[in-house]
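Observations on the model geometry
This is what each chain is made of:
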Amino acid sequence: MFGRLGCVERARQIFDAIADRDSFSWGIMLSIYARSGDLSNAKGVFDRMPRWSLGSWTALLSAFALSGHHEEAKTLFDTMQERDLIAWTIMLTVLATFSNIEDAKYHFDQMPERDLVAWTAMLAANAERGQMENARETFDQMPERNLFSWTSLLSAYGRSGDVKAAGRVFDSMPEWNLVAWTAMLTGYSLSGDVVRAKRAFDSMPERDLIAWTAMLSAYAFNGHLRYTREIFQRMPERDLISWATMVAALVENDLLEESKELFDRMPRHCALSKGMTPNRVTFITLLDACSFLGALAEGRKIHAAVAERGFDTDLVVSNALVNFYGRCGALGDAKIVFDGMRRRDVISWSSMISAFAQRGRVDEAMELYHRMLSEGTLPDDIIFISVLFACSNSGVVEASGDFFRSIVGDTQVEPTLEHYACMVDVLGRAGKLRDAEDLLRLMPFHPGPLLYMTMLSACKLYTDVERGEAAAEVVFELDPENSSPYITLANIYSAAKRPKDAARIRKLMEERGIKKKPGCSWIEVLDRVHEFIAGDKMHPQRDEIYAEIQRLGRQMKEAGYFQDTKVVLQDVEEDEKENLLWYHSEKLAIAFGLISTPPGAPLRIVKNLRVCSDCHAATKVISKVTGREILVRDTNRFHHFQNGMCSCNDYW
DNA sequence: CTAGGGTTAG
């Protein structure tokens, strides 16, 4: 009884209390462990059993299968003396999950008999890999059908984007249950029809957690953040998936601060250990969340769980790992995962290349790109952006021009607006403002506000007032809520020693009610992500943090550091400006990192804005006087500070 | 042991 309720502990207590255990009670205990995916206990029971029946072998097989030990499952299956239908079917699902469709089909054809469960598993295996014709054929060939097979086909059509076919299946079904309704809801959602999705949700005779989550994700997927929030609030219960969906929706909308808060409240540890069996998608989702938040220690734990569950051979999971380590600045780890992959697709290469690109290591990025070509993987439009970005971060104008031309000359890929945007960025940051301007004017796309913002940032680097003014005007008009053009233009005026104009722009920004996005930084210390907002006094250790900043300040001044108050936008006195600078979120995070980690430990910071020039100069000095490595990820790239220098060579 | 919610690169 307790086993069926999921109370494994209680079941074990009762089992231990039984005086004369027969093979029946041993078998029950074994299957309870097997079903909960607890391999080591299942093995323990199996080894201690007085004798083994066919059922106990099958239970052990399912323990291997559920815990992701697919190699061991295969070996066990091959050595089994006799196999019942269930063992064959378990093995089929293992192959369907961890191997290719050919292996699964071969196994299916070998089966002495096939019941509905096996047929449905085969249908799902085809659908999972996008083989809709085969899935349909399997369905048509099935000797009989139940709700499982109908729903499997319905959801396959929904996921393949054919909502009309899904609707036809739904209408032909003999009966509907919650599962069918939810599959239909998702089908509508994926086709962009939230109205029909909501109608399905309202028509359901009852709603469970999964139905609620499907509705949540329907709103999130179609960009309705307000309704997404509302559903999340109204849900009667939530699990790992609903939390992760909400976190992803916030990340999608650039609400990093809020998503981080939610991420910390997410009950992920319990979800990984009990309650639900994590599958490949669980790991991908969690790794993705960690990667955005720079939660390295947290992600490492997930990596360990991935390996333990046997998902480290999965292509997509490995890609997510490379991407996670890359985004956390752990290049070495990213490379280890990448090198260990049996198979790589264009996404694997792209993840690795952009890891190098973000560190400004253009040589390695280029080398990888050429290795990818020689290994026969075709490039796509996205990988070009990564490579161009690497060029842009290292200031290699010539190489990027050649590379850009090779897109048109050597590949099947049509250059997109994004490719032109990268080129404008490369030229602008290298100081070739006229060339950047020409490209902007002559390119075969209509440039959006983002491109003019790129242009404007380049003008700031080279204090080009005239071009800067022109670019800013465009952004003011095309993206009226954005504070960046105001701030950048004001900074250009300040640098050009035109304080009155700078003040005029600041006033304009105020009059138009445009708010500057507050600077925000995170640092992970002892598995927890700590957040700091510029000037914030909310942290429980604020006194120690502020004292550390004072102490650091004295040390830094001795080392020759002086502040660049030009970057302060507020209209305040000079010494007040100095104060504001000392409490930028990045410096608060660094100070906190310094007092909460052992001497010599590297610090990893994630920012929601780009590094400001004063923080950049200050962090260089801090790395020298404290002897710490400091890694800062801003919205654009990584800065790796070490011994008074930064990996970007002050080019960013 | 089979069906519904999440899915990796800019």
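Residue numbers here run from 1 along each chain, matching the order of that chain's written sequence. Here chains are named by letter from A upward and ligands by number from 1 upward, in the order in which they appear as written. Whole-chain, interface and lining totals are the exception, using all residues; otherwise, since this is a predicted model, local features are given only for residues with pLDDT of at least 70 and side-chain atom pairs are given and counted only at 80 or more. Hydrogens and waters are ignored; side-chain quantities use all the structure's heavy atoms.

1. With respect to the protein's contact with DNA strand B
What counts, and what does not: Throughout, the term near means that a residue has one or more heavy atoms lying within 4 Å of the molecule or strand in question. Whenever a nitrogen or oxygen atom comes within 3.5 Å of another N or O atom, the pair is scored as a polar contact, on the condition that within protein one atom can donate a hydrogen and the other can accept it, and that pairs from neighbouring residues in sequence are kept only if both atoms are in side chains. A run of H or I in DSSP counts as a helix once it spans at least four residues, and a run of E counts as a strand once it spans at least two, with each numbered from the N terminus. Nonpolar residues are Ala, Val, Leu, Ile, Met, Phe, Trp, Tyr, Cys and Pro. Charged residues are Asp, Glu, Lys and Arg, and all others, Gly as well, are polar.
Taken together, the neighbourhood of DNA strand B is formed by 47 residues, with Thr 89, Asp 239, Thr 282, Arg 327 and Asp 380 sitting nearest. Those atoms of DNA strand B that come within 4 Å of the protein belong to sugar or phosphate at a rate of 39%. A distance of 2.8 Å separates a base nitrogen of DNA strand B from a polar side-chain atom of Asp 239. For the surface near DNA strand B, the leading source of residues is helix 10 (residues 147–159), giving six residues. Taken together, the residues of the surface near DNA strand B sort by class into 18 nonpolar, 21 polar and eight charged.

2. A few points about the nonpolar core
In plain terms, the rule: Residues grouped as a nonpolar core are buried Ala, Val, Leu, Ile, Met, Phe, Trp, Tyr and Cys residues, joined through side-chain atoms within 4.5 Å. Exposed residues in this analysis have more than 50% of their type's maximum accessible area, buried residues have under 20%, and partly exposed residues fall in between, with area computed by a 1.4 Å probe over protein chains only. In this description, contact between two residues means that some pair of their heavy atoms is separated by no more than 4.5 Å.
The biggest cluster of nonpolar side chains holds 183 residues, and the ones touching the most others in it are Leu 61, Leu 92, Leu 154, Leu 185, Tyr 325, Met 352 and Tyr 369. Counting residues per element, this core draws most heavily on helix 6 (residues 85–98), which supplies nine residues. The contacts of Leu 92, once residues within four sequence positions are left out, are Ala 104, His 107, Phe 108, Met 111, Ala 118, Ala 121 and Met 122. Ala 589, Phe 592, Leu 594 and Cys 612 belong to the second-largest nonpolar core, a separate cluster that totals 31 residues.

3. Looking at the sheet that holds strand 3 (residues 603–607)
Worth spelling out the cut-off: Strand pairing is defined by DSSP finding a minimum of two bridges between the two strands. Axis definition: a line fitted to C-alpha atoms, over the contacting stretch in the case of helices. Angles run 0 to 180 degrees between N-to-C directions.
Taken in spatial order, the six strands line up as 2-1-3-4-5-6 in an open sheet, and their pairing is mixed. Each edge of the open sheet carries a strand with a single partner, namely strand 2 (528–533) and strand 6 (645–646). As paired strands, strand 5 (residues 638–642) and strand 6 are joined by two bridges and run antiparallel to one another. From the neighbouring strand, Gln 642 faces strand 6, where its bridge partner is Met 645. Those strands touched by helix 36 (residues 613–626) are strand 4 (630–633), strand 5 and strand 6, and its axis lies near 35° from that of strand 5.

Take it as geometry only, folks, not as evidence of what the structure does.
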